[in-house]
Amino acid sequence: MKFTFEGSAADFNIATMEEVLLRLVQTRGKRNAVICLICLALLAVGIWSFFTGSTKRTSVFVVLALLLFLYLRRSSAVAAGRAQQTILHLLEAENAQSEEERERIFTYTFEENTCTMSSNGKVLGTWAWTSLDRVGESEGVIALWRVDNEAHRSVLPVPKKCLKDGTFEEFRNYLNGWLDGKRRVTYYRIPAYLRELLD
């Protein structure tokens, strides 16, 4: 099966910026869930301690839960700030491009376990994988992540609006076949306040 995405450099630049937000939403969601569960467990133990008569233990557990919650809020703000800085750097790089460079047409062709990237009929490179670590999808992008080695991951963001050959359902099924284990293409909703960073 073959899938082709074709669009301007500007389309692929926007997809790269949206992938930054998609990654932020994905990692923040997992981390927040774990920290919230720990906070709830600490509060439950604190309430249990209160009813068993140990007010000192209650205050310790409640303070720990509060500190974890404050850490969660702070780390989320820091991660959003980093994403915003990355997007600003990408926007600066895009603004440095000439109009001709921004309108240059790129083609990504997916066949087997390889994406061939070309422009104006000239092959620029390939992005191959033996298996995909994960695939994320948002309103405007599909992002493929692979593990190159223990210390390095690479990502290939693809703008959804540029799909020319095939359907999204077929493309998702194709990608699901390359994911490890029970993993599947996962959709992430990027909140409006984060999406504003792209404007």
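Here goes a summary of the coordinates provided. In this text the structure is predicted, and so the values were computed from the model without any measurement. (Residues numbered from 1 in each chain as written. Predicted model: local features only at pLDDT ≥ 70, side-chain atom pairs only at ≥ 80, totals over all residues. Heavy atoms only, no water.)

### Notes on the overall build of the protein chain
We count it as follows: Strands are runs of DSSP state E lasting at least two residues, helices are runs of H or I lasting at least four, and both sets are numbered from the N terminus onward. The buried label applies to any residue whose accessible area, calculated with a 1.4 Å probe on protein chains only, is under 20% of its type's maximum; exposed applies above 50%, and partly exposed to all values in between. Note on contacts: a residue pair qualifies if any of its non-hydrogen atoms lie within 4.5 Å across the two residues. In these tables, accessible area is a Shrake-Rupley quantity obtained with a 1.4 Å probe, and a residue counts as shielded only by the protein chains included in the view.
Along the protein chain, the regular secondary structure elements total 5 helices and 9 strands. When the elements of the protein chain are put in sequence order from the N terminus, they spell out β-α-α-α-β-β-β-β-β-β-β-α-β-α. Within the protein chain, the fraction of its 199 residues that count as buried is 42%. Within the protein chain, contacts between residues separated by at least 24 positions form 63% of all contacts whose residues are at least 6 apart in sequence. For the protein chain, the exposed surface amounts to about 11,800 Å²; the carbon and sulfur share of it is 57%.

### Focus: the side chain of serine 154
How we decide: Pairing of N or O atoms within 3.5 Å defines a polar contact, subject to two protein rules: one partner must be a possible hydrogen donor and the other a possible acceptor, and residues neighboring in sequence count only if both atoms are side-chain atoms.
With respect to the secondary-structure elements, serine 154 resides in strand S7 (residues 152–159). Of note is the side chain of serine 154, whose polar atom sits 2.8 Å from the side chain of arginine 146.

### Topic: the nonpolar core
For clarity, the cut-off: Remark: nonpolar core denotes a set of buried residues (Ala, Val, Leu, Ile, Met, Phe, Trp, Tyr, Cys) joined through side-chain atoms within 4.5 Å.
With 24 residues, the main nonpolar core has Phe5, Tyr108, Phe110, Leu144, Leu156 and Leu175 as its most contacted residues. Where this core is concerned, the elements lending two or more residues are strand S1 (2–8), helix H1 (9–51), strand S2 (105–111), strand S3 (114–119), strand S6 (141–149), S7 and helix H4 (168–176). When neighbours within four sequence positions are excluded, leucine 144 is seen to be in contact with Phe110, Trp127, Trp129, Leu132, Arg134, Val135, Ser154, Val155, Leu156, Val158 and Leu175. If you look at the next biggest cluster of nonpolar residues, it comprises 14 residues, including Val141, Ala143, Ile190 and Leu194.

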